[in-house]
Amino acid sequence: MDNPTKKGSRIIGGIIIALIILFLTIYYFFRQSTEFSPTNVTNILLTSLQIIVLLLALILFFVLGRNLIKLYLERKRKIAGSHFKTKLVIFFTALSFIPTLLLFLFTSDLITRNIEQWFKPDINKILDDAKTVADGFYVTTSELTLHYAQQLSREIRRQNLVAPENRAKLEELIRSKLSEYRLDEIGIFLEEEELFAYYNPNLPFQDYQELKANLIKRAHLGEPISDIKPMGTGEFVRRGVSVNLPNIGNVLVTTGKFLPQNYAQKINTLSAFVQRYRGRYQKDLAKTSYLMILIFVTMLIVFAATWIGFHIAKSITVPIEKLVQATKEVSKGNLSVKVEDPASDEIGTLIESFNQMISDLKTSQENIAQKTAEQAARKQYIETILNAINTGVIALDAQGSITTINPSARDMLALSGKNVTGQHYKDILSHDRYRDFLKNIDAAMKSKYRLADKEIQLVLNGQQTTIALTLTPLKQPDQDFSGMIVVLDDLSQLIKAQRMAAWKEVAQRVAHEIKNPLTPIQLNAERIIKNLKKAEPGGSDIIDQGARVIIQEAQTIKSLVDEFSDFARLPKINLQPASVHDIIGQVVTMFRGIFADVQFDMALSPDVPASLQLDPEQMKRVFINLIDNAIDAMNKKGKIFIHTFYDREANQVRIEVSDTGPGILIDDKDKLFLPHFSTKKKGTGLGLAIVSQIIKEHNGAVQVHNNRPGGAKFTLQLPA
């Protein structure tokens, strides 16, 4: 069912169109009546025009008034877009009304003055003279053209120029006369056949019309040709006469003259003006008719501009109002709203973009809800894992505030019952017993690099606990530092079990090593006792030899005890700025002077910082042990490679010591750094254990791999 507002607008529009058609029809008959209708008919038509203009004015004021009242009510109710609509209507109305009013006043005054001027008595004489001159010129041109045709026909008849033998003379005559008489066309016809014709080359030939056959026949019957045809922007006057030549037939001579302008039309116009202006009684009638058409056009312009203003304002404000309403719904969380509007311009594009945006928001909200649910489930899953594992985990943000801590970490650090989330780690670990923790965490937060398996002793409730501290930096996709993960492993039970297992193995190996010299000691002691009992000659040599063996084996036992004593009394690390390259150079120089068959290949990277925090004496001990083991593995003949590298991203120095020996068995790799494990026949098994302990004290790590194509490679990693 149609909207009543739309139905009313259609009715008003239909009435306006009907009035416009009726006005134009009546005005057409009115213009005609001023020339041939009686005065009473003209007055009736003029009155009808005035009534139509009055009705149109009433409709205009009604429509404008109704829309202005609606605008006022919309502004009072503060409907969205009402202020903008009011501005548009005022702008279009003023834009049309002000210049139209000025034009109306100027035009009405101009019409009044011109009409008064037109009907002055002097204009009549001017018009009459102009008409007489125009008529005389037209008649003169036609008669002169006929005269030239008659002269040519007499000359042709006198000289018998149509005869075949005289045709050349005829053409020459026609060509000369065309220029002499200033004609635009001369044609010669024999009976109904055109012999030839000559034309002015400047004629507009695209509009040229041939002489009709019926005129030629009538001319041969004695009727002179008088033909006037429009040609381009002017007229073509053609005259012709026919003569009868004995033994030849009827010959028609035509002449034509082109008049550049339509003089007949001008003459008719002047005549009409003369007749019109002579009717002085029509002055007021003409003035009134022109004013009516001017008022009619003025009202149409104002009405059209105002109507366009309302339409444009409505086409803009209605979609805006829908958008505002939809925006309010969206602000309430309703993303199912959709703006329906048939607009196809930029407003339609805006509405389409708004609907697409709401659709994208709805899709994004659903995706976010799904992702949020997944993240919540993942977070719950991670929290469950963190709460269940025995490893302590603490998450710090870039500023050092604690974001996550699991129960195991609380128990290890005796923080149960304290609300530590959101607080800075320095505030939570401010007690002196956490000094080593703070030192390592501060260094990692400052350098933003990883620290692995740093063993820290912690005394809680009178019991000492060994905790392995691992610090891992968190980085965003753009490599910006975003926090630190602190992992705590309680190694107390593991260390206790490892110590027991290690000491069990050490005890077995020590017993084995002590047992080896005890056997010759026992045998030589028994030999000495046996010799003393027998008192055999030469017994002193036997006693002396046995005593020496006993002393030698006792010395072996003493050396074994000294090695274990040294391992147990490793001095405390003393870090100071030192060059790792200088230390390597000093150690290599020492070995080069002793082993001539051992070659050293050193590739020391210039990127390695010149100064590192090292204990020079302990690091010398590390390199001496590694090089000494390599020389023994190569049977004191081969090549040792020492290479250094610098990893800027991890801020670590890597040192590789490799040889060309037989390499390391896979089963021995996990035991190399245990105390008293050795692959040498006379080794104590403490060298690599000491190396591992020293590197660990430097917050570094040591690894062993088989070298390619042969040999072993030890890799040391030290913080820069």
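Shown above is the structure to which this text applies.
This is a predicted model, so every value here is computed, not measured.

Chemist: Looking at this structure, I do not really get the overall build of the protein chain. What am I missing?
Modeler: Along its length, the protein chain carries 17 helices and 17 strands. A burial count over the protein chain gives 37% of its 720 residues as buried. Partitioning the contacts of the protein chain with sequence separation of at least 6, the portion at a separation of at least 24 is 61%. As displayed, the protein chain offers around 43100 Å² of accessible surface, 56% of which is attributable to carbon and sulfur atoms.

Chemist: Looking at this model, I keep getting lost on the sheet that holds strand E1 (residues 185–190). Mind explaining?
Modeler: Sheet strands line up and pair through hydrogen bonds in the backbone, either parallel or antiparallel. Strand order in the open sheet made by the 5 strands is E2-E1-E5-E4-E3, with antiparallel pairing throughout. For this open sheet the edge positions go to strand E2 (193–199) and strand E3 (225–231), each flanked by a neighbour on one side alone. Between one strand and the next, the sheet's axes are offset by a mean angle of 20°, whatever the strand orientation. Sheet topology places E1 next to strand E5 (residues 249–259); 6 bridges connect them, and they run antiparallel. Residue pairing in the sheet places Gly187 in a bridge with Thr254 of E5. Set on the sheet, helix H5 (residues 167–180) makes contact with E1 and E2; between it and E2 the angle comes to about 35°. Running over the sheet, helix H6 (residues 213–220) touches E1, E3, strand E4 (234–245) and E5 and is turned about 125° from E5.

Chemist: Hey, could you run me through the pairing of E4 in this one?
Modeler: A regular strand carries its side chains on alternate faces of the sheet. Of all 12 residues making up E4, 10 are buried, and the element is well covered by its neighbours. Sheet topology note: the E3/E4 ladder contains 7 bridges and is antiparallel. Following the sheet pairing, Ile225 is matched in E4 by Gly240. The hairpin formed by E3 and E4 contains 2 residues between the paired strands, and Gly232 there has a positive phi angle of roughly 65°. Note that E4 and E5 share 11 bridges and pair antiparallel. Bridging across to E5, Val237 finds its partner in Lys257. Linking E4 to E5, which pair antiparallel, is a turn of 3 residues; within it Asn247 sits at a positive phi near 65°.

Chemist: Can you help me understand the environment of Phe303 in this one?
Modeler: On the secondary structure map, Phe303 appears in helix H8 (residues 282–331). Separated by 239 residues in sequence, Phe303 and Leu64 place their C-alpha atoms 8.3 Å apart. Setting aside residues no more than four positions away along its own chain, Phe303 makes contact with Ile16, Leu60 and Val63.

Chemist: Where do I start with the packing of helix H16 (residues 616–633) against helix H17 (residues 687–697) in this structure?
Modeler: When two helices pack together, you describe them by how their axes are tilted relative to each other and by the distance separating the axes. Between H16 and H17, the shortest axis-to-axis distance is 9 Å and the interhelical angle comes to 145°. Both H16 and H17 take part in a crossing whose hand is left-handed. Together, Gln618, Met619, Arg621, Val622, Asn625, Leu626 and Asn629 of H16 and Gly687, Leu688, Ile690, Val691, Ile694 and Ile695 of H17 make up the contact between the two elements. Residue composition of the contact of H16 with H17, by class: 8 nonpolar, 4 polar and 1 charged.

Chemist: Any chance you could explain the sheet that holds strand E9 (residues 463–475) here in plain terms?
Modeler: Taken in spatial order, the 5 strands of this open sheet run E7-E6-E10-E9-E8, and their pairing is antiparallel. At either margin of the open sheet sits one strand with a lone partner, and together these are strand E7 (402–405) and strand E8 (451–460). Pairs of neighbouring strands in the sheet enclose a mean axial angle of 25°, with direction left out of account. Summarising the sheet, E8 and E9 pair through 8 bridges and their orientation is antiparallel. What sits directly across from Ile456, in E9, is Ile467.

Criteria and cut-off values
- Residues numbered from 1 in each chain as written.
- Predicted model: local features only at pLDDT ≥ 70, side-chain atom pairs only at ≥ 80, totals over all residues.
- Heavy atoms only, no water.
- Helix = DSSP H or I, 4+ residues; strand = E, 2+ residues; numbered from the N terminus.
- Buried < 20%, exposed > 50% of the residue type's maximum accessible area, 1.4 Å probe, protein only.
- Contact = heavy atoms within 4.5 Å.
- Areas by Shrake-Rupley, 256 points an atom, 1.4 Å probe, with all protein chains shown as cover.
- Pairing = 2+ DSSP bridges.
- Axes fitted to C-alpha atoms, helices over the stretch in contact; angles between N-to-C directions.
- Left-handed = near helix turned anticlockwise from the far one by under 90°.
- Nonpolar A, V, L, I, M, F, W, Y, C, P; charged D, E, K, R; others polar.

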